[in-house]
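In case you want the letters, here they are:
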Amino acid sequence: AQRVTQPEKLLSVFKGAPVELKCNYSYSGSPELFWYVQYSRQRLQLLLRHISRESIKGFTADLNKGETSFHLKKPFAQEEDSAMYYCALNNAGNMLTFGGGTRLMVKP
Amino acid sequence: DAGITQSPRHKVTETGTPVTLRCHQTENHRYMYWYRQDPGHGLRLIHYSYGVKDTDKGEVSDGYSVSRSKTEDFLLTLESATSSQTSVYFCAIKVSPGGYEQYFGPGTRLTVT
């Protein structure tokens, strides 16, 4: 069975510091991975999909199949990045499995 | 927002009462999903639908039922609400054709007293 683990429930950094939100997954096939962001009391928004290899709002994420990880990174955190971040995995079906989420707090 | 709305946005109800939440989409996508969001648990799938009258259970389906009589509407019913069902409920769709990502509604905050 697939599983997504986000080991940090809370990550607190200062503005301008680098950020790395960790995501590890367990799945034997070729997964498709996503990062979602949820700003305070808003809907979840798709931030990144690994197949696109894109950079959105300065965030990037690289799929490391050897380490089964898909960590989200940003070199310089901004206060507006404060939000809840969820990593999600698709197993080539029509379902997503979500991690427990990491709350990012960026302090001024 | 992929044309997804949810109603009501907030509801307070008493233990033992039935509650129905509505998800409405405007773009006729086939797949629709209901999740609940709880601290520490992330999002957990309750039920999903792959077409009119075609539904299946998710990870946490006990105490919930769903119906989809029209493509655009997916209803979630708590048959007899309990305090453990206090949560934020999100509806989502999968855009077809496309990838496997899902797009979410604004959520319904349900409190069962």
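Residues numbered from 1 in each chain as written. Chains lettered and ligands numbered in written order. Predicted model: local features only at pLDDT ≥ 70, side-chain atom pairs only at ≥ 80, totals over all residues. Heavy atoms only, no water.

A. Up close: the overall build of chain B. In terms of helices and strands, chain B carries zero helices and eleven strands. Counting helices and strands in the order they occur from the N terminus, chain B gives β-β-β-β-β-β-β-β-β-β-β. Rg of the C-alpha trace for chain B: 13 Å, near the compact-globule value of 13 Å for 113 residues, within the 12% margin. In terms of its C-alpha atoms, chain B occupies a principal-axis envelope of roughly 40 × 30 × 25 Å. Out of the 113 residues in chain B, the part that is buried amounts to 50%. Of the contacts made within chain B by residues no fewer than 6 positions apart, 54% connect residues no fewer than 24 positions apart. As presented, chain B carries roughly 5,100 Å² of accessible surface, and 48% of it is formed by carbon and sulfur atoms. Counting 12 positive and 12 negative side-chain charges, chain B places the averaged centre of each group 2 Å from the other. (Helix = DSSP H or I, 4+ residues; strand = E, 2+ residues; numbered from the N terminus. Rg over C-alpha atoms; globule rule 2.2 N^0.38 Å. Buried < 20%, exposed > 50% of the residue type's maximum accessible area, 1.4 Å probe, protein only. Contact = heavy atoms within 4.5 Å. Areas by Shrake-Rupley, 256 points an atom, 1.4 Å probe, with all protein chains shown as cover. Lys, Arg positive; Asp, Glu negative; His and termini not counted. Charge placed at Lys NZ, Arg CZ, Asp CG, Glu CD.)

B. View of unusual backbone geometry. Put simply, B:S7 and B:P8 share a cis peptide bond, and its omega is -10 degrees. Tracing the chain through its elements places B:P8 in the loop between β1 (4–7) and β2 (10–13). Residues other than glycine seldom take positive phi values, yet A:R41 does so here, at roughly 55 degrees. Residue placement: A:R41 occurs in the loop between β5 (32–38) and β6 (45–49). Of note, the phi angle at B:N28 is positive, near 60 degrees, even though the residue is not glycine. With respect to the helices and strands, the residue B:N28 is situated in the loop between β3 (19–25) and β4 (31–38).

C. Quick peek at the sheet that holds strand β8 (residues 73–78) of chain B. Residues and elements named next belong to chain B. Ordered in space as β1-β3-β8-β7, the four strands form an open sheet in which the pairing is antiparallel. Among the strands making up the open sheet, the edge pair consists of β1 and β7 (64–70). Taken over all neighbouring pairs, the strand axes of this sheet differ in orientation by 20 degrees on average, direction set aside. Alignment of β3 against β8, held across six bridges, turns out to be antiparallel. Bridge assignment links T20 to a residue of β8, and that residue is T77. (Pairing = 2+ DSSP bridges. Axes fitted to C-alpha atoms, helices over the stretch in contact; angles between N-to-C directions.)

D. Expanded view of the environment of A:L47. All names here are of chain A. Topologically, L47 is positioned in strand β6. Accessibility expressed as a relative area gives 5% for L47, which makes it buried. Between the alpha carbons of L47 and K9 there is a distance of 19 Å; along the sequence they are 38 residues apart. Dropping the residues within four chain positions of it, L47 is found in contact with W35, Y36, V37, I56, F59, L72 and Y85.

E. Inspection of the pairing of β3(B) at higher detail. Residue and element names in this part refer to chain B. Where burial is concerned, the two faces of β3 differ: the one with V19, L21, C23 and Q25 is buried and the one with T20, R22 and H24 is not. Examined bridge by bridge, β1 and β3 share four bridges and lie antiparallel to one another. Of the residues in β3, the one forming a bridge with S7 is R22.

F. Highlighting the pattern of salt bridges. Residues and elements named next belong to chain B. Applying the stated rule across the entire model yields eight salt bridges over all chains. Here R36 ties to D38 by a salt bridge, and the two come within 2.7 Å at their closest N and O atoms. Among the residues examined, D38 registers a relative accessible area of 10% and is labelled buried. In this structure, K70 engages D73 in a salt bridge whose closest nitrogen and oxygen atoms are separated by 3.3 Å. Residue class for K70 comes out partly exposed when judged on its relative accessible area of 41%. (Salt bridge = Lys/Arg side-chain N within 4 Å of Asp/Glu carboxyl O.)

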